[in-house]
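Below, each chain spelled out in residue letters.
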Amino acid sequence: MSVTDAGRGPRVPTGYDPAAFEPFAVTVDLAVFTVRESRLHVLLVERGEDPYRGDWALPGGFVRPEESAGQAARRELAEETGLSEATAGALHLEQLRTYSDPDRDPRMRVVSVAYAALVPDLPEPRGGGDAAAARWTEYAGRGPLAFDHGRILADACDRIGARLEYTCLATAFCPPAFTLGELRQVYETVWGVPLDRPNFRRKVLTTPGFVQALEGPPRRTGGRGKPAALYRAGPATHLHPPLLRPERPEGRTA
């Protein structure tokens, strides 16, 4: 442990030699999900520099000495996708896990802190920084990714699916005013299974603080049914009881 003298800052412990430890870098990687046209999409960037030049990857980059991992994540997201700093700063970021395999980056030892961002929709991205391009890509048809980003993305999707069962996170995919059909579509898209409409409606409306009804005219959602009532996210953060996902039909994958 370091020893601190009054007014003199931290003192290097006796016997500690920084040169005895190999230096390594810290990066951030972001798995940004949204629902588009009833399909789960992820934000990807085309790498403009080696290694993996021309391959698709998650947005991210190196953490600067003067910033935290969270600050770096929002900066890199804005730089590599062309999103405004205000838009990137307003996103809900959830720290996923740390990836530290020694050979995950061919340049040097790199430890990455991964984040998952959940958004209802964002403007069309454009490349920036060291990204040649950026785009929304359907999760199911994403193809191979640079580094170990395929593993990070799969872990992030699994985390989101699990979090939907016990939290109100699904409302983060919805616009400020949404129908119960739009909310149900989030669950069906992420989980990859159809849900029983009456049962879903009952569970949502009987869960305290999950959603709140909005005053005003209902929204017509197409078809011959009556217009659907509008809701907004309620004050609750966790679901009691949880909304457990049904078993996936045999032979079906997400």
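Placed above this text is the structure.
Residue positions are counted from 1 within each chain, in the order its sequence is given. With the structure being a predicted model, the display of local features is reserved for residues of pLDDT at least 70 and the display and counting of side-chain atom pairs for 80 or more, all residues being used for whole-chain, interface and lining totals. Only hydrogens and water are set aside when side-chain values are computed; all heavy atoms of the structure are taken into account.

Chemist: Give a description of unusual backbone geometry that names residues and reports values.
Modeler: D50 connects to P51 through a cis peptide bond whose omega is 0°. Position of P51 among the secondary structure elements: in the loop between strand 4 (39–47) and strand 5 (56–57). Of the consecutive residues H240 and P241, the connecting peptide bond is found in the cis state with omega at 0°. In this structure, E37 is a non-glycine residue whose phi angle is positive, near 50°. Among the secondary structure elements, E37 is positioned in the loop between strand 3 (25–36) and strand 4. Exposure is judged per residue with a 1.4 Å probe applied to protein chains only, and the accessible area is read against the type maximum: over 50% gives exposed, under 20% gives buried, and values in between give partly exposed. Residue class for E37 comes out exposed when judged on its relative accessible area of 70%. By definition, any uninterrupted DSSP run of H or I lasting at least four residues is a helix, any uninterrupted run of E lasting at least two residues is a strand, and each is numbered from the N terminus.

Chemist: Requested: an account of a nonpolar patch on the surface, with residues and values cited.
Modeler: Taken together, the side chains of F24, V26 and M108 define a hydrophobic patch exposed on the protein surface, amounting to about 250 Å² of accessible area. Of note, V26 is situated in strand 3. Two distance rules govern patches: like charges are joined within 9 Å, and nonpolar side chains (Val, Leu, Ile, Met, Phe, Trp, Tyr) within 5 Å, applied only to residues with over 30% relative accessible area and no salt bridge. For accessible areas, the Shrake-Rupley method is used with a probe of radius 1.4 Å. Any residue's cover is judged against the shown protein chains and nothing else. When a carboxyl oxygen of Asp or Glu lies within 4 Å of a side-chain nitrogen of Lys or Arg, that pair is called a salt bridge.

Chemist: Can you break down the nonpolar core residue by residue, with the values?
Modeler: Core analysis: the biggest nonpolar cluster contains 42 residues, and F33, F173, L183 and Y187 have the highest contact counts within it. Taken together, the elements giving at least two residues each to this core come down to strand 3, strand 4, strand 7 (93–99), strand 8 (110–118), helix 3 (149–166), helix 4 (180–191) and helix 5 (197–206). Contacts between residues were defined by any pair of non-hydrogen atoms, one from each residue, lying within 4.5 Å. Setting aside residues up to four positions removed in sequence, L183 forms contacts with A170, T171, C174, F178, F200, V204, F210 and V211. Side-chain atoms within 4.5 Å link the members of a nonpolar core, which is a set of buried Ala, Val, Leu, Ile, Met, Phe, Trp, Tyr and Cys residues. Counting 18 residues, the second-largest nonpolar core is a separate cluster that includes V28, L30, V32 and A88.

Chemist: Describe the packing of aromatic side chains, and please don't skip the residues or the numbers.
Modeler: Here a pair means two rings of Phe, Tyr or Trp (six-membered ring of Trp) with centres within 6.5 Å. Their orientation is stacked below 30 degrees between planes, edge-to-face above 60, and tilted elsewhere. For the coordinates displayed, the defined rule picks out 5 aromatic pairs. Ring geometry for Y187 and W191: centres 5.0 Å apart, planes at 70°, overall edge-to-face. Remark: W191 and Y187 occur in helix 4; sequence separation between them is 4 residues, near one turn of the helix. Given the relative accessible area of 0%, Y187 is considered buried. Aromatic ring contacts, followed pair by pair, group Y187, W191 and F200 into a single cluster. Charge-over-ring contacts are defined here by two conditions on Lys NZ or Arg CZ: a distance within 6 Å of the ring centre and an angle within 35 degrees of the ring normal. The ring of W56 is capped by R135, whose NZ or CZ atom sits 3.9 Å from the centre of that ring. The aromatic ring of Y139 is capped on one face by R142, whose charged end is 4.0 Å from the ring centroid.

Chemist: Tell me what's going on with the packing of helix 4 against helix 5, and back it up with residues and numbers.
Modeler: Only the contacting stretch of a helix is used when fitting its axis, a line to C-alpha atoms as for every element, and angles between N-to-C directions run 0 to 180 degrees. It is at 11 Å that the axes of helix 4 and helix 5 come closest, and there the two elements cross at 105°. Here helix 4 lies roughly perpendicular to helix 5, going by the angle between them. Across the interface between the two elements, L180, L183, R184 and Y187 of helix 4 pack against R197, F200, R201, V204 and L205 of helix 5. Residues of the contact of helix 4 with helix 5, tallied by class, amount to 6 nonpolar, no polar and 3 charged. Geometric relationships in this document are graded by angle, where less than 35 degrees denotes roughly parallel, more than 145 denotes roughly antiparallel, 65 to 115 denotes roughly perpendicular, and other angles denote oblique. Note on residue classes: Ala, Val, Leu, Ile, Met, Phe, Trp, Tyr, Cys and Pro are nonpolar, Asp, Glu, Lys and Arg are charged, and everything else, Gly too, is polar.

Chemist: An account of helix 1 (residues 69–81) is requested, with residue identities and associated values reported.
Modeler: In this analysis, the expected span of each helix is defined as 1.5 Å times one less than the number of residues it contains. Taking 1.5 Å of rise per residue, 13 residues should cover 18 Å, and helix 1 covers 18 Å from first to last C-alpha, within 8% of that figure. For helix 1, every residue scored as buried is listed here: A72, A73, R75, E76, L77, A78, E80 and T81. Two residues or fewer past helix 1, G82 is found with a positive phi of approximately 80°.

Chemist: Break down the side chain of T81 for me, citing the residues and quoting the values.
Modeler: Within the secondary structure layout, T81 lies in helix 1. Counting of polar contacts relies on pairs of N or O atoms within 3.5 Å, with two restrictions inside protein: one atom must be capable of donating a hydrogen and the other of accepting it, and residues adjacent in sequence are counted only when both atoms are side-chain atoms. Separated by 2.5 Å, the side chain of T81 and the backbone oxygen of L77 make a polar contact. If near-sequence neighbours (up to four positions away) are discounted, T81 is found in contact with L43, V45, P59, P125, R126 and A134.

Remember, this is a structural readout, not a statement about activity or role.
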